[in-house]
Amino acid sequence: MLVSPWFDATVFGVLGLLIGSFLNVVIYRLPVILEAQWKKECAELSGTEPQATEKFNLAWPRSRCLKCSHPIRWYENIPVLSYLFLRGRCSSCAASISLRYPLVELATGALFFYCAWSWGATPTALVWSGFGAAVLALGCIDWDTTLLPDDITLPLLWAGLIASALQWTGVGLSTAIWGIVAGYLSLWAVYWAFKLVTGKEGMGYGDFKLFAALGAWFGWQALIPIILMASVIGAIVGIAMKFSHTLRAGGYVPFGPFLAGAGLTALIFSPASILRLFGL
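Computed from a prediction, not measured in an experiment: that's the story for all the values here.

Caption draft 1: Representation of the pattern of salt bridges. Overall, the coordinates contain 5 salt bridges when judged by the stated rule. One salt bridge in this structure joins Glu-35 and Lys-39, with 3.6 Å as the shortest N-O distance. Taken as a pair, Glu-35 and Lys-39 lie in helix H1 (residues 5-45) at a separation of 4 residues, close to a single helical turn. Assessed through its relative accessible area of 56%, Lys-39 is described here as exposed. Between Lys-195 and Glu-201 there is a salt bridge, with its nearest N and O atoms 3.5 Å apart.

Caption draft 2: Summary view of the environment of Cys-93. Note that Cys-93 resides in the loop between helix H2 (81-85) and helix H3 (100-119). Sequence-wise, Cys-93 and Ala-165 are 72 residues apart; in three dimensions their C-alpha atoms are separated by 51 Å. Dropping the residues within four chain positions of it, Cys-93 is found in contact with Cys-65, Lys-67 and Cys-68.

Caption draft 3: Structural view of the packing of H3 against helix H9 (residues 256-269). Across the interface, H3 lies against H9 with an axial gap of 11 Å and an inter-helix angle of 30 degrees. Viewed along their axes, H3 and H9 adopt a mutual orientation that is roughly parallel. By crossing handedness, the relation of H3 to H9 is classed as left-handed. Mapping the contact onto sequence places Leu-111, Tyr-114, Cys-115 and Trp-119 in H3 and Leu-264, Leu-267 and Ile-268 in H9. Considering only residue class, the contact of H3 with H9 consists of 7 nonpolar, no polar and no charged.

Rules of the game
Residues numbered from 1 in each chain as written. Predicted model: local features only at pLDDT ≥ 70, side-chain atom pairs only at ≥ 80, totals over all residues. Heavy atoms only, no water. Salt bridge = Lys/Arg side-chain N within 4 Å of Asp/Glu carboxyl O. Helix = DSSP H or I, 4+ residues; strand = E, 2+ residues; numbered from the N terminus. Buried < 20%, exposed > 50% of the residue type's maximum accessible area, 1.4 Å probe, protein only. Contact = heavy atoms within 4.5 Å. Axes fitted to C-alpha atoms, helices over the stretch in contact; angles between N-to-C directions. Parallel < 35°, antiparallel > 145°, perpendicular 65-115°, else oblique. Left-handed = near helix turned anticlockwise from the far one by under 90°. Nonpolar A, V, L, I, M, F, W, Y, C, P; charged D, E, K, R; others polar.

See below:
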């Protein structure tokens, strides 16, 4: 520990707020970057000249208002505080700023605080904080775009294996490896069974990779409580959206956000607690 549990947790919490601000950038920009890359690759494969576009990545251009393009000044980009100071509106055009921005920052800060409080200023707290940030970003991206980018899911999977090998997660390496195998193949089997019966695709390959990554972090034994919680919450939300007529075109709900939510629940309460919640 650095000084005391409260100090460690507070330092991690502030770091989490800053990371959360960056996650907001990732959540919005990464799908746009990927779409541009796919269009470029399609143009190259078809033998046409790719359309020229302005430089756009996670660092450039500066964050700006989506309505009036007002550049966000540094003091307008302080996690949570700037949102409160601006009263949730752009300082230039008074357009509403999504409440999700401060919520993502607060959620990331809380996750980092929890990890440091649980494990102190240790590598274990650091890697679980990183896990929480990645899973939170994946859940938000999938909800917005129905994409679970390999740019996050695959590094998350490998990070789980490395952390396991270094004995930072409390999950043995062989358990983590079998967690990956069981996580990927279980949803892969469900996908093909559903497709053979209905002729439709019930989920995407990104869900397989995310579930495999959760297996790397928690081990194969945790997969049943995680998928159980994700399925129950997903069904409840899907039914609620259907009755409130808020389902998107095609009547589907992405599964990734519920996998992500179940993974974060397992981090905070443990997989065994999830089973007890369902009386198992």
